[in-house]
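# Residue-level structure breakdown
One letter stands for each residue in the lines below.
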Amino acid sequence: MEGLIDYFLQCPLLKDGVFRVDALGSEPVEYALESAITSPVLRRYVDGSSIRQYQFHFNSREAYSMDRIMAIQNESFYEDFCNWVEEQSGSGNLPEMPPGCEAQALSVLAPGYMLDATMENAFYQVQLQLKYFKEAP
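Since the model is a prediction, treat every value here as computed from it, not as a measurement.

### Regarding the nonpolar core
- The biggest cluster of nonpolar side chains holds 28 residues, and the ones touching the most others in it are F8, F19, L33, F56, F58, F81 and L106.
- At the level of elements, α1 (2–9), β2 (30–35), β4 (50–63), α2 (68–90), β5 (101–117) and β6 (121–134) are the ones that each hand at least two residues to this core.
- Apart from the residues lying within four places of it in its own chain, the contact partners of F19 are I5, F8, L9, L14, Y31, A32, L33 and F58.

Here it is as structure tokens:
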């Protein structure tokens, strides 16, 4: 998780704000990474090594109103954010992994969408998958 946070803090699109794990506050601008429920092993090899996945959500709390311009800005941020993730993965710029693991790809599973909104702020989420190789124990 630490490697993922360090990775996303490099994203030039993020505004100054708080970055949390498994918790998102009620005031904008905040970001959080949250683990998703999934089977970690995609493929196991006879030597005990494996191809694995870590699915997670990139969440944010953004300023929000019924103003069309603000809504377009929020949607544009997530489109740009997903493009940034895909460009970084395509160029081999991937999160640091612990010893014995090597990141292979970071993919967007579901682009940014609003989960909840009030007249002052909104909760957005992007679903992501980190695919990696893990050596045999």
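Moving on from the coordinates now.
### Here we look at the pattern of salt bridges
- Summed over all chains, the structure comprises 2 salt bridges.
- E62 serves as the salt-bridge partner of K15, at 3.0 Å between the closest nitrogen and oxygen. Remark: E62 occurs in strand β4 and K15 occurs in the loop between α1 and β1 (18–21); sequence separation between them is 47 residues.
- A relative accessible area of 38% means that K15 is categorised as partly exposed.

### Some points on the environment of D6
- By the element assignment, D6 lies in helix α1.
- Measuring from C-alpha to C-alpha, the distance between D6 and E96 comes to 8.4 Å, with 90 residues separating the pair along the chain.

### Structural notes on α2
- For α2, built from 23 residues, the straight-helix expectation of 33 Å at 1.5 Å per residue is met to within 8% by its first-to-last C-alpha distance of 33 Å.
- What α2 keeps buried is the set N74, F77, Y78, F81, C82, W84, V85, Q88 and S89.
- Lining the buried residues of α2 we find α1, β2, β4, β5 and β6.
- Just downstream of α2 lies G92, where phi reads positive at about 85 degrees.

### A word on the side chain of N121
- Within the secondary structure, N121 sits in strand β6.
- Of note is the side chain of N121, whose polar atom sits 3.0 Å from the backbone oxygen of S26.
- Among the polar contacts listed, one links the side chain of N121 to the side chain of R61, at a separation of 3.3 Å.
- Not counting residues up to four positions away in its chain, the partners in contact with N121 are S26, P28, R61, E62, A63 and Y64.

### Description of the packing of aromatic side chains
- Applying the stated criterion across every chain yields a total of 16 aromatic pairs.
- With 6.1 Å between their ring centres and 40 degrees between their planes, F19 and Y31 make a pair best called tilted. Taken together, the residues F19 in strand β1 and Y31 in strand β2 connect sequence positions 12 residues apart. Accessibility classification places F19 together with Y31 in one group, the buried group.
- Ring plane angle 90 degrees and centroid distance 4.8 Å describe the contact between F77 and Y78, whose orientation is recorded as edge-to-face. Here the two residues F77 and Y78 agree in accessibility, since each one is buried.

Thresholds applied
- In this convention, every chain numbers its residues from 1, walking through the sequence in written order.
- Since the coordinates come from a predicted model, pLDDT governs what is reported: local features require at least 70, and pairs of side-chain atoms require 80 or more to be given and counted, while whole-chain, interface and lining totals use all residues.
- No hydrogens and no water enter the side-chain calculation; it runs on all heavy atoms of the structure.
- By convention a nonpolar core is built from buried Ala, Val, Leu, Ile, Met, Phe, Trp, Tyr and Cys residues, the set being connected through side-chain atoms within 4.5 Å.
- For every residue, the accessible area (1.4 Å probe, protein chains only) is compared with the maximum for its type, and the residue is labelled buried under 20%, exposed over 50%, or partly exposed between those bounds.
- For the purposes of this entry, the term helix denotes a DSSP run of H or I that reaches at least four residues, the term strand denotes a run of E that reaches at least two, and both are numbered from the N terminus.
- By definition, residues are in contact when any of their heavy atoms lie within 4.5 Å.
- Every case where a carboxyl oxygen of Asp or Glu lies within 4 Å of a side-chain nitrogen of Lys or Arg is listed as a salt bridge.
- Multiplying one less than the number of residues by 1.5 Å gives the expected span of a helix.
- Polar contacts, as used here, are pairs of N or O atoms within 3.5 Å; protein pairs need one atom able to donate a hydrogen and one able to accept it. Residues neighboring in sequence count only if both atoms are side-chain atoms.
- Two rings from Phe, Tyr or Trp (for Trp, the six-membered ring) form a pair when their centres sit within 6.5 Å of each other. Planes less than 30 degrees apart are called stacked, planes more than 60 degrees apart edge-to-face, and all others tilted.

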